[in-house]
Amino acid sequence: TAPREERREGWACPACGSPTEDRAIRSEGFGFVRCARCALWRQQPLPDPEAVRLRYDQAYLSYELARQEEFRDLELRSLAEVGFPVDPGARGETAGGRALLDVGCATGALAAALRERGWDARGVEVSAVMAARARADFGLEVFAGTLEEARFPDGAFDAVHASHLIEHLHDPAAFLSECFRILAPDGMLVLTTPNVRSFQFLLRGGAWRSAIRDHLVLFSDRTLSALAARSGFSLVRSATWGGWPVGSRPAFLKKPLDAAAKRLGVGDVMCLRFRKGGTGGGASLAPGTGAR
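Residues numbered from 1 in each chain as written. Predicted model: local features only at pLDDT ≥ 70, side-chain atom pairs only at ≥ 80, totals over all residues. Heavy atoms only, no water.

K.L.:
Even after reading the chapter, I still don't get the nonpolar core, so can you show me in this structure?
P.N.:
A general feature of soluble globular proteins is that nonpolar side chains tend to end up buried together. Core analysis: the largest hydrophobic core is formed by 37 residues, its most contacted members being Leu101, Val103, Val160, Phe175, Leu189 and Leu191. Looking at this core, the elements with two or more residues in it are strand E6 (99-103), helix H5 (147-150), strand E9 (157-163), helix H6 (172-182), strand E10 (183-194), helix H8 (221-230) and strand E13 (269-276). Considering every element that reaches this core, the biggest residue donor is H6, with four residues. If near-sequence neighbours (up to four positions away) are discounted, Leu101 is found in contact with Arg122, Gly123, Val124, Leu147, Phe152, Phe157, Ala159, Val160, His161 and Ile182. The next biggest cluster of nonpolar side chains, apart from the first, holds 22 residues, and it includes Leu79, Phe84, Leu110 and Ala131. (Core = buried A, V, L, I, M, F, W, Y, C linked by side-chain atoms within 4.5 Å. Buried < 20%, exposed > 50% of the residue type's maximum accessible area, 1.4 Å probe, protein only. Helix = DSSP H or I, 4+ residues; strand = E, 2+ residues; numbered from the N terminus. Contact = heavy atoms within 4.5 Å.)

What follows is the structure, given as structure tokens:
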């Protein structure tokens with residue numbers, strides 16, 4: 001498990017490189033600052049990379065196993081919302097051996113479900129115990145380590161998917177560049193991550209459920225689209241969901257606020273589908289363009 005006391009250090013913005021910030025939120029023992037140039041939120045100070053990696057141990061496996069079916073079904077719905085061909089056969093299309101990589105595949109439940117629907121799916125998982133479980137339970141081909149360590153060939157995949165992963169990374173720009181390299185021309189990249197431009201973040205700030213120590217970067221749809229555009233991706237479609245926090249009172253507000261958050265694009269979680277190359281809706285990483 002991770003050492004109780006982790007080495008921490010300052011960190012320039014992983015999107016634009018600026019060391020300056022214009023806002024901060026604090027929690028117990030850590031906090032987040034917003035980049036003054038591009039408005040990306042990042043944890044500051046930053047925990048040591050190896051210490052972060054050690055967090056994903058047996059306890060992480062137990063957490064994922066208890067929720068793998070719930071997480072799988074949620075992500076399948078998210079993929080369908082952004083127009084990803086979850087079930088090509090049902091739409092008269094043919095996946096026909098198209099290669100899909102699920103980065104941060106956890107127990108492998110989602111990759112296995114996509115394989116059943118016609119995708120040639122494999123995974124990458126930084127947790128060795130989790131990767132072993134995905135191999136044992138689903139017979140998946142899973143690389144235990146980071147995406148960069150896997151060293152896949154150029155253009156090896158038609159689709160790359162990562163759910164609730166990019167916010168855990170020290171260098172999300174390098175991750176996106178690697179996704180671009182291993183994708184075939186016109187390949188798809190789908191990312192699901194908390195949305196810092198959400199109603200819940202506006203309501204709760206540092207008490208937001210996604211402002212936690214395991215999340216090193218907090219994106220809005222704008223900052224993530226802009227960062228992806230720098231790596232050569234164009235935004236195709238996005239969706240958000242989640243408005244009124246579960247268990248909050250008055251309970252009758254949940255249904256209308258959830259619907260409003262979804263309609264306005266300020267839901268708590270977002271899913272974005274990108275295409276390799278082309279021109280798209282990615283915003284510029286210029287001053288004032290990010291989440292406010």
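K.L.:
Can you walk me through the sheet that holds strand E7 (residues 120-125) in this structure?
P.N.:
Reading across the sheet, the seven strands line up as E8-E7-E6-E9-E10-E13-E12 and stay open at both edges, with mixed pairing between neighbours. The sheet is open, and its two borders are formed by strand E8 (142-144) and strand E12 (233-241), each paired with just one other strand. Going across the sheet, the axis of each strand differs from the next one's by a mean of 15°, ignoring polarity. (Pairing = 2+ DSSP bridges. Axes fitted to C-alpha atoms, helices over the stretch in contact; angles between N-to-C directions.)

K.L.:
Hey, could you run me through the sheet that holds strand E3 (residues 30-35) in this one?
P.N.:
Strand-to-strand pairing in sheets goes through backbone hydrogen bonds, with the strands running parallel or antiparallel. If you trace the four strands from one edge of the open sheet to the other, you get E2-E3-E4-E11, paired in antiparallel fashion. In this open sheet, the two strands that pair with only one neighbour each are strand E2 (21-27) and strand E11 (217-218). Pairing geometry for strand E4 (residues 41-43) and E11, over two bridges, is antiparallel. Bridging from a neighbouring strand, Arg42 pairs with Val217 of E11.

K.L.:
I'm lost on H6 in this one. Help?
P.N.:
Those residues of H6 that sit buried are Pro172, Phe175, Leu176, Glu178, Cys179 and Ile182. The buried residues of H6 occupy an angular sector of 160° when the element is viewed end-on, so they sit on one face. (Arc of directions from axis to C-beta.)

K.L.:
So what exactly am I meant to see when it comes to the pattern of salt bridges here?
P.N.:
Two side chains of opposite charge can pair, provided their charged atoms sit close to one another. As enumerated under the stated definition, the model contains 14 salt bridges in all. The partner of Glu149 in a salt bridge is Arg53, with the nearest N and O atoms 3.0 Å apart. Here the residue Glu149 occupies a position in helix H5, and Arg53 occupies one in helix H1 (residues 49-54), the gap between them amounting to 96 residues. Shared partners join several salt bridges into a network, and the residues in it are Asp154, Glu178 and Arg181. (Salt bridge = Lys/Arg side-chain N within 4 Å of Asp/Glu carboxyl O.)

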